[in-house]
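Secondary and tertiary structure notes
Spelled out, the chains give:
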Amino acid sequence: MRNNYFNCDLRNADFNGRNLTGYNFAKADLRGAKFTNAIIQDTDFSHSNCEDAKFCSAKAGLSFAKAIRLITILFFIVVIVLVVLGYLGQRIGDGIGSSFVKFTTNQSDRDELMASIWAISTCALLFIAFAYNIQRGLEKAFRITIIYGTVIVGLAMLRILILSLVRVSFGHGIPSVSGYAIRFLAKIATAAVAGFGISFVAVSVAILIVATQILINSHKKGIILISSALIFVSIILTFFIHASHSGSVSTAMFMVVTLLGVFLGSYVADQASSDRPEYNLVNENAIALASLGGTNFQEANLTNADFTGAYLRGADFRDSELNGTCWLGVKFLTQSRLDRTFLYLKDLEKRLSIIKLLTTGEGAYGNFEGLKLQGINLQGAQLKCANFKRADISNANLRGAELSEAILVQTRLDGTDFTGATLTGAFIERWGATLRTKIDQVKCDYVYMKESVEGSRETERIPHRGEFKEDDFRKFAMSLIGTLDLFHKDDFDSRAVAISFKQLAEQYPEEVFRIVALEKTEDGQVTVRVKTKYSENNDVYREEYYLQYDQALLSPPSQPDDQLPKAFMDLDKETEILQSSQDALSQENGSAIIFINVTITNSEVYYQSKKEIVMEGDTYNVGQAGAVGKYARSENSQFYQSGQSKTLVEAAAEIQKLLKQLEQTNPVATETEKNVYVNDETTLSFKRRVVSALQAGGETAIEEFLDNPYVNVVKDAVKGWIKPE
């Protein structure tokens, strides 16, 4: 039967239920092919196009025969390493035995015995250092052991140098001194290698055990089988050493170091099998070995492939394309090679959490902040209260997913499919939805425009009252796409806004900045909402805007007010309307949004009338509304709310307060001095608001709110603001 389909066109081919062990589908076109319930062990799919292919309940990995061969080869490699370690231990034992015999029979001074003691102490210390620090992670334990070994060898060299100099100074011959120094350092070096070798053997044994567990699909059997076999080999080799007329000390050292390596390796394997992050080094290497010759999906295109319920122990997915791949119900995905795919995260805990999410569909309250999960398939997943802040889930499949109260703050969503998903209560501050984001048929009663902070939810809720009606959320979300939100806490200044946008337009001449709304919350924060042509650059624009804005606030005006675009001067009017809207709803913690249309390019500024005012969820179309208040008026579809009246009241109170302060310090101040004092003590923004209000209500309107002694002074000051010299 043919089993080589290299580079063949097999689109929509049906391999359901077939035994395809050892088949070659490398570089084949398998789009839409069906492998449900097929056995695909030892099968090569590398560089193939498996887009939309079905691998439901397929069995991947190594066949039993290959698995046994691989285990046998790995076992003999570990035995060879064990023999080398035993040999080093035997050499240490030989040195101890011979020096002790010579010392007790007065055939040598105690220098040889001291060297042997140094040697065995070095070996023991390095083993203890590794075993003690192993809980902190294998890499860290290895580093500490190497440092200890370096320090010990360094101290030994320093000791022998000093001792050699002393002996030479007392008339000892250089050949005898150097001979002893070389023998001493050789013993220390051997002991250091043996001490580190125990650690190396332990990790090798652990990797062998975990690889065996993966291949035979048994945790306990793998530990018992390999550990028992290695202990048996160690004992047999010990008898051979003893039979070769080696001393009892050397025989004992051979057995001790080999058994220490085996027992420590068994412990490490047990911990690694529990997916503890400290032993990830063992798991990584064991999975790499267990996948040798198994099912190979390297660099395959698995876009929208379906592995539902598949058995993937030991499969190799390195460098494969996994956009939209379905992993629901997959078994042993954690024991597959996922290097250089979005599923491979260096943080083992996060990697396991993502794999659990994919295979179970359960991710409620999960923390996926900052992860790059482009193309992930979470169709129908339970993601209530999940945290995707600053994560990248572009091109992800979230159709029908439960995302109530999920955090989607600054989340990249280009091409993400939310069709039929539930987003009620989600936090969508600065979320990265684009025109390619699909938000049809989304179930959403309300959202929050800012991440949850104690006491802030109600003022950031959209809509402020009630719920979205059918298709309202889609329209609202579309209005935010490509929007640049610029927040101003306590320092909103329309002149600074004007200057900042003018400089931005000059700096980015190809960009078009369109201010579409102003929003003010109960705590006084004003948000300028801007749409841009190149929304992918919004982060750059935001950073540059704030730099320009801060400079504009701190620097003296370099451009006369009458040269600023009129559109920007009108921002103060928008702020006044927001303020008056909030005052009207202050007892209900209200907030308001005003929709405008100010388009800024490098050469021109276009200004259109306000569209509507949104207060507590109610929308008032300005074209239909009448002006209210003594100083309210409707003109060319522009709507000036009675905020002007409030501004005049506040202005009158502020100016009278200043004049009363002056009277206390200078009771005989002239009107000219009073006029100068008021000018000096009021800000440019304050003056513009007063002028704006007076232009709406008439230059004499402020007289109604002033006490008689102050009328003339204030009138003169205000006239100067309206017609500066």
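The shown structure was predicted, so the numbers you read here are calculated from the model rather than taken from an experiment.

Moving on, we come to the overall build of the chain. Each helix and strand counted, the chain has 18 helices and 10 strands in total. With 725 residues in all, the chain has 51% of them scored as buried. When contacts within the chain are restricted to residue pairs at least 6 apart in sequence, long-range pairs at least 24 apart make up 50% of them. For the chain, the accessible surface area stands at approximately 34,000 Å², while carbon and sulfur atoms represent 54% of it.

Right, let's talk about the packing of helix H11 (residues 494–507) against helix H12 (residues 538–554) for a bit. At their nearest, the axes of H11 and H12 sit 8 Å apart, and the two run at 135° to each other. Between H11 and H12, the interaxial angle falls into the category oblique. H12 is crossed by H11, and the crossing has right-handed handedness. Where H11 abuts H12, its residues Ala496, Val497, Ile499, Ser500, Phe501, Gln503, Leu504 and Gln507 lie against Tyr541, Glu544, Tyr545, Gln548, Tyr549, Ala552 and Leu553. A per-class count over the contact of H11 with H12 returns 10 nonpolar, 4 polar and 1 charged.

Structurally, the position occupied by Ile134 is in the loop between helix H2 (111–133) and helix H3 (138–169). A residue is classified by how much of its surface remains accessible, and Ile134, at 2% relative accessible area, is buried. Distance from Ile134 to Glu278, taken between C-alpha atoms, is 7.8 Å for residues 144 residues apart in sequence. The contact partners of Ile134, leaving out residues within four places of it in the chain, are Ala141, Leu264, Tyr267, Val268, Glu278 and Tyr279.

Let us look at a nonpolar patch on the surface. A contiguous nonpolar surface patch, about 870 Å² in accessible area, is contributed by Leu125, Ile147, Tyr148, Val151, Leu155, Leu158, Ile162, Val166 and Phe170. If you tally residues by element for the nonpolar patch, the top one is H3, at 7 residues. Structurally, Val151 is set in helix H3. Residue Val151 is classed as partly exposed on the basis of its relative accessible area of 45%.

This paragraph deals with the packing of aromatic side chains. Summed over all chains, the structure comprises 37 aromatic pairs. Connected via pairs of aromatic rings, a cluster forms that spans Tyr5, Phe15, Tyr23, Phe25, Phe35, Phe45, Phe55, Phe297, Phe307, Phe317 and Trp327. Above the face of the Phe332 ring, Arg313 is positioned so that its terminal group lies 3.5 Å from the ring centre.

This part takes up unusual backbone geometry. A cis geometry characterises the amide bond from Ile462 onward to Pro463, with omega recorded as -5°. Its place among the elements puts Pro463 in the loop between strand E2 (461–462) and helix H10 (472–480). Unusually for a residue other than glycine, His47 sits at a positive phi of about 60°. Tracing the sequence through the fold places His47 in the segment before helix H1 (64–104). Judged by its relative accessible area of 41%, His47 falls in the partly exposed class. Although it is not a glycine, Glu299 sits at a positive phi angle of roughly 55°. Residue placement: Glu299 occurs in the loop between helix H7 (280–290) and helix H8 (348–360). Residue classification places Glu299 among the partly exposed residues on the basis of a relative accessible area of 43%.

Let's shift gears to the confidence of the model for the chain. Summing up the model confidence of the chain, the mean pLDDT is 78 and the portion of residues at 70 or higher is 77%. Taken together, the stretch residues 455–459 has pLDDT below 50 and engages in 10 contacts with residues farther than four places along the chain or on a different chain. Scored below 50 in pLDDT, residues 581–590 shows 20 contacts in the model against residues more than four places distant or in partner chains.

What helix H16 (residues 671–681) keeps buried is the set Lys674, Asn675 and Val678. All buried residues of H16 lie within an arc of 100° about the axis, which places them on one face of the element. Exposed residues pointing more than 90 degrees away from the buried face of H16 are listed as Thr672 and Asp680.

Following the criterion strictly, the structure yields 0 disulfides and no others. Here Cys56 is not disulfide-linked; the sulfur of Cys326 is the nearest cysteine sulfur, at 7.4 Å.

Turning next to the pairing of strand E5 (residues 526–532). A large share of E5 lies buried, amounting to 6 of its 7 residues. With 6 bridges joining them, strand E3 (residues 483–488) and E5 adopt antiparallel strand pairing. Along E5, the bridge assignment pairs Thr483 with Lys531.

Next up on the list: the packing of H2 against H3. Two elements in contact, H2 and H3, have axes separated by 8 Å at closest approach and are oriented at 165°. When the axis of H2 is compared with that of H3, the two are roughly antiparallel. When you trace H2 past H3, the crossing you get is right-handed. Each of Asp111, Met114, Trp118, Thr122, Leu125, Leu126, Ala129, Phe130 and Asn133 in H2 lies in contact with H3, whose residues at this interface are Leu138, Ala141, Phe142, Ile144, Thr145, Tyr148, Gly149, Ile152, Leu155, Ala156, Arg159 and Arg167. Its residues assigned to classes, the contact of H2 with H3 comprises 14 nonpolar, 4 polar and 3 charged.

On to the pattern of salt bridges, then. Here the structure, examined in full by the defined rule, presents 13 salt bridges. When the shortest N-O distance is used, the salt bridge between Lys54 and Asp306 registers 3.8 Å. Linking Lys54 in the segment before H1 with Asp306 in the loop between H7 and H8, this pair joins segments that are 252 residues apart in sequence. On the basis of relative accessibility, which here comes to 36%, the residue Lys54 falls in the partly exposed class. You can call Asp306 buried: its relative accessible area is 14%. Salt-bridge contacts for Asp319 lead to Arg340; the nearest nitrogen and oxygen are separated by 2.8 Å. Separated by 21 residues along the polypeptide, Asp319 in the loop between H7 and H8 and Arg340 in the loop between H7 and H8 bring together distant segments of the chain. One connected set of salt bridges, linked through shared partners, spans Asp9, Arg11, Asp29 and Arg31.

Attention shifts here to the nonpolar core. If you look at the biggest cluster of nonpolar residues, it comprises 78 residues, and the most contacted ones within it are Phe25, Phe35, Phe55, Phe307, Leu383 and Phe388. Those residues in contact with Phe55, other than ones at most four positions away along the chain, are Phe35, Ile40, Phe45, Cys50, Phe297, Leu302, Asp306, Phe307 and Ala310. By size, the runner-up hydrophobic cluster in this structure holds 52 residues, among which are Ile71, Ala141, Ala211 and Ala272.

A few words on H11. With 14 residues, H11 should reach 20 Å at 1.5 Å per residue; the first-to-last C-alpha distance of 20 Å fits that figure. In terms of burial, H11 is a largely internal element, 10 of the 14 residues being buried.

Turning next to the environment of Tyr148. With respect to the secondary-structure elements, Tyr148 resides in helix H3. In this view, Tyr148 contacts Leu125, Leu126 and Ala129; residues no more than four positions away in its chain are not counted.

Another aspect to go through is the side chain of Ser63. Counting through the fold element by element, Ser63 comes out in the segment before H1. Ser63 gets classed as buried once you look at its relative accessible area, which sits at 12%. Side-chain polar atoms of Ser63 contact the side chain of Asp42, separated by 2.6 Å. In this structure, Ser63 is in contact with Thr21, Gln41 and Asp42, ignoring residues within four places of it in sequence.

Okay, the side chain of Ser500 next. By the element assignment, Ser500 lies in helix H11. By relative accessible area, which is 0% here, Ser500 ends up buried. Other than its neighbours up to four places away in sequence, Ser500 contacts Tyr545, Gln548, Tyr549 and Ala552.

Rules used in this analysis
Residues numbered from 1 in each chain as written. Predicted model: local features only at pLDDT ≥ 70, side-chain atom pairs only at ≥ 80, totals over all residues. Heavy atoms only, no water. Helix = DSSP H or I, 4+ residues; strand = E, 2+ residues; numbered from the N terminus. Buried < 20%, exposed > 50% of the residue type's maximum accessible area, 1.4 Å probe, protein only. Contact = heavy atoms within 4.5 Å. Areas by Shrake-Rupley, 256 points an atom, 1.4 Å probe, with all protein chains shown as cover. Axes fitted to C-alpha atoms, helices over the stretch in contact; angles between N-to-C directions. Parallel < 35°, antiparallel > 145°, perpendicular 65-115°, else oblique. Left-handed = near helix turned anticlockwise from the far one by under 90°. Nonpolar A, V, L, I, M, F, W, Y, C, P; charged D, E, K, R; others polar. Patch = residues over 30% accessible without salt bridge, like charges linked within 9 Å, V, L, I, M, F, W, Y side chains within 5 Å. Salt bridge = Lys/Arg side-chain N within 4 Å of Asp/Glu carboxyl O. Phe/Tyr/Trp six-rings, centres within 6.5 Å; stacked < 30°, edge-to-face > 60°. Lys NZ or Arg CZ within 6 Å of the ring centre and 35° of its normal. pLDDT = per-residue confidence, 0-100. Arc of directions from axis to C-beta. Disulfide = S-S within 2.5 Å. Pairing = 2+ DSSP bridges. Core = buried A, V, L, I, M, F, W, Y, C linked by side-chain atoms within 4.5 Å. Expected span 1.5 Å × (residues − 1). Polar contact = N/O pair within 3.5 Å; in protein donor to acceptor, adjacent residues only side chain to side chain.

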